[in-house]
Amino acid sequence: MSNIDLTPEQEALRDSIRRFMQAEVVPIVAQHEKARTFPFDLMPKLAELGYLGGNLPEEEGGHGIDMPTWAMMMEELGYHWLSLRTIVNITNGSIKRLAAHGTPAQKEKYLKPLMAGRFKACTGLTEPNTGSNIAGIQTRAELVGDEWVINGRKLWITNGCDADFVMVVARSFSPTCEGKLSTFIVERALANYDVRKLDTMVLRCTGTAELGFTDVRIPKENLVGVEGAALSGTLKGLDAARLNIAMGAVGAAQAALDLSTDYARQREQFGRPIGSFQLVQKHIVDMTVRVEAARALGMRAAHALQAGKDVRQACSIAKLYATEAAHEVANMALQVHGGLGYSEEYPIERIFRDTRGGMIPEGTTEIQTLIAGREILGMNAIS
């Protein structure tokens, strides 16, 4: 992998992460992919490396990790296993929301064990008829006495099968709010909500689920932050989430490139390594160009985010290009490997599937295009 713009401290952290991944993650990926399970016992160990809330300030329990370093960390996760990066990303979404808006009691009960890797969380955002249009959410939360009563369905919820609690975004109705979006903590152990596992082509180990809420009652104090402010808070967090996906895609693409480069040097046909053939070399060069360009766009966005700049355009372009490029690289890697690339016993097949998954969450490729177009032209194509 490239050492683009890494400081000695970042290189030392990266090397520690790689040693951990080689020792703890690489040996177990295949068995979990086959079983479609996730090794949650890794989470406390990842917390020690700074992966759970590590970019929060130290006074909030984090490590004060800057965005370029965080981007490098996301790339390392993507390089070794995109399902792992996805669970870490989902967990950090809840961590950031609780750190920013949670009450002291909520932080004590949910945030601390979440950052330690002892709790599992998910975000209930997407619905059967609501994807990129967050403002179209229909799940309702009505205040009845001292309880919120929640009704609705959430679809494609990552970690929904295993989460100890879900951060549900719903339209809230109370004497002070009529239908604006709010966020609520719904505990699995205390609330009777339905969970239906969804097997998917991509990210098979991330416990994707459909969640159903029928007159689910939760305490009044499980409201997170200001009632009616969830829409702006959710949109604000999308830039960092898109950067996370972009850098995870860069890592997966680099893994596909490394595997292909090694294979092209070792595999022989017609009495010589296939890497000596012009068309195989073209695949390797095209893959390299895409990986380097995607990494540069991602790190550019990370530095801008760290500097507090308006990064909507930069993060959308990084996510748009990196996820598309990663799947193109995986496709070329499959071609270089030939029939071996189809085997579930070899990583290329998994990388090919999982890189396809990056083009949809946190705003599809089409949505990223429209966001970038709006930022460049000053014209909104989304009605």
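Residues numbered from 1 in each chain as written. Predicted model: local features only at pLDDT ≥ 70, side-chain atom pairs only at ≥ 80, totals over all residues. Heavy atoms only, no water.

Chemist: Even after reading the chapter, I still don't get the overall build of the protein, so can you show me in this structure?
Modeler: Per the secondary structure count, the protein includes 12 helices and 10 strands. Against the compact-globule benchmark of 21 Å for 383 residues, the protein has a radius of gyration of 21 Å, which places it among compact chains. Buried residues in the protein amount to 53% of all 383 residues. The long-range share in the protein, meaning contacts at least 24 apart out of those at least 6 apart in sequence, stands at 73%. Accessible surface, the protein as shown: approximately 17,400 Å² in total, 53% of it carbon and sulfur. If you average the places of the 41 positive and of the 45 negative side-chain charges in the protein, the two averages end up 3 Å apart. (Helix = DSSP H or I, 4+ residues; strand = E, 2+ residues; numbered from the N terminus. Rg over C-alpha atoms; globule rule 2.2 N^0.38 Å. Buried < 20%, exposed > 50% of the residue type's maximum accessible area, 1.4 Å probe, protein only. Contact = heavy atoms within 4.5 Å. Areas by Shrake-Rupley, 256 points an atom, 1.4 Å probe, with all protein chains shown as cover. Lys, Arg positive; Asp, Glu negative; His and termini not counted. Charge placed at Lys NZ, Arg CZ, Asp CG, Glu CD.)

Chemist: Teacher, can you tell me more about the packing of aromatic side chains here?
Modeler: Think of a pair of aromatic rings as described by two things: how far the centres are apart, and how the planes are tilted against each other in angle. For the structure shown, the criterion picks out eight aromatic pairs. Considering the side-chain rings of Y51 and W70, the 6.4 Å spacing of their centres and the 55 degrees angle between planes classify their relative orientation as tilted. Taken together, the residues Y51 in the loop between α3 (43–48) and α4 (67–80) and W70 in helix α4 connect sequence positions 19 residues apart. Assessed through its relative accessible area of 0%, Y51 is described here as buried. Members of the aromatic cluster, connected to one another through ring pairs, are F38, F40 and W81. Its guanidinium or amino end placed over the ring of F40, K120 lies 5.2 Å from that ring's centre, counting from NZ or CZ. Over the face of the ring belonging to F173 we find R140, whose NZ or CZ atom lies 4.0 Å from the ring centre. (Phe/Tyr/Trp six-rings, centres within 6.5 Å; stacked < 30°, edge-to-face > 60°. Lys NZ or Arg CZ within 6 Å of the ring centre and 35° of its normal.)

Chemist: What exactly am I supposed to notice about the domain arrangement of the protein here?
Modeler: Interfaces are often described in size by the accessible area the parts lose on coming together. Here the protein is described as being made up of domain 1 (8–120), domain 2 (122–229) and domain 3 (231–377). Computed over C-alpha atoms only, the centres of domain 2 and domain 3 are separated by 31 Å. At the boundary of domain 2 with domain 3, total buried surface from both sides reaches about 930 Å², with 62% on carbon and sulfur atoms. A per-residue breakdown of the area domain 2 buries against domain 3 is headed by S132, I134 and R204, which together make up 39% of the total. Scanning the region where domain 2 abuts domain 3 turns up zero salt bridges. For the interface between domain 2 and domain 3, the tally reads five residue pairs in polar contact (both at pLDDT 80 or more). (Domains from an automatic or database assignment. Buried area = accessible area lost by both parts, 1.4 Å probe. Salt bridge = Lys/Arg side-chain N within 4 Å of Asp/Glu carboxyl O. Polar contact = N/O pair within 3.5 Å; in protein donor to acceptor, adjacent residues only side chain to side chain.)

Chemist: Got a minute to help me understand the pattern of salt bridges in this structure?
Modeler: A side chain of one charge can pair with a side chain of the opposite charge when the charged atoms of the two come close. For the structure on display, the rule yields 23 salt bridges. Its salt-bridge partner being E108, residue K112 comes within 2.9 Å of it at the nearest N-O pair. Placement of both K112 and E108 in helix α6 (residues 104–115) is noted, with a separation of four residues, approximately one turn of the helix. Judged by relative accessible area, E108 falls into the partly exposed class, the value being 48%.

Chemist: Explain the pairing of strand β7 (residues 209–219) here, please?
Modeler: Put simply, side chains in a regular strand alternate between the two faces of the sheet. Across eight bridges, the pairing between strand β3 (residues 147–157) and β7 is antiparallel. Paired with W148 across the two strands is I218, which belongs to β7. (Pairing = 2+ DSSP bridges.)

Chemist: How should helix α11 (residues 347–356) be read in this particular structure?
Modeler: Given 3.6 residues per turn, any residue in an α-helix points the same way as the ones three and four places further on. Burial analysis of α11 places seven of its 10 residues in the buried class, which makes it a mostly covered element. What α11 keeps buried is the set I348, E349, R350, I351, R353, D354 and T355. Where the residues of α11 are buried, they touch α2 (29–35), α4, α5 (82–101), α8 (238–266) and α10 (312–337).

Chemist: Explain the packing of α5 against α8 here, please?
Modeler: How two helices pack is summed up by the angle between their axes together with the distance between the axes. In the contact formed by α5 and α8, the axes pass within 10 Å of each other and the chain directions differ by 165 degrees. Viewed along their axes, α5 and α8 adopt a mutual orientation that is roughly antiparallel. Remark: the crossing between α5 and α8 carries right-handed chirality. Residues L82, R85, N89 and K96 of α5 lie in contact with α8, whose contacting residues are A240, A241, N244, I245, G248, A249 and A252. Grouping the amino acids of the contact of α5 with α8 by side-chain chemistry returns six nonpolar, three polar and two charged. (Axes fitted to C-alpha atoms, helices over the stretch in contact; angles between N-to-C directions. Parallel < 35°, antiparallel > 145°, perpendicular 65-115°, else oblique. Left-handed = near helix turned anticlockwise from the far one by under 90°. Nonpolar A, V, L, I, M, F, W, Y, C, P; charged D, E, K, R; others polar.)

Chemist: Is there a simple way to explain the pairing of strand β2 (residues 140–144) in this structure?
Modeler: Bridge count between β2 and β3: five bridges; the pairing is antiparallel. When the sheet's bridge partners are listed, R140 is paired in β3 with N151. Linkage of β2 to β3, two consecutive antiparallel strands, is achieved through a turn of two residues, within which G145 is found at a positive phi near 65 degrees. Across three bridges, the pairing between β2 and strand β4 (residues 165–174) is parallel. Looking at the pairing, A141 lines up with S172 of β4.

Chemist: Help me understand the UniProt feature "domain: Acyl-CoA dehydrogenase/oxidase C-terminal" (unreviewed entry) in the protein, please; the structure alone is not making it clear to me.
Modeler: Feature annotation in UniProt places "domain: Acyl-CoA dehydrogenase/oxidase C-terminal" (unreviewed entry) on residues 235–376, given in this structure's numbering. The span residues 235–376 shows a helical share of 76% and a strand share of 3%, and its end C-alpha atoms are spaced 19 Å apart. (UniProt positions renumbered as here; feature names shortened; annotations may be inferred.)

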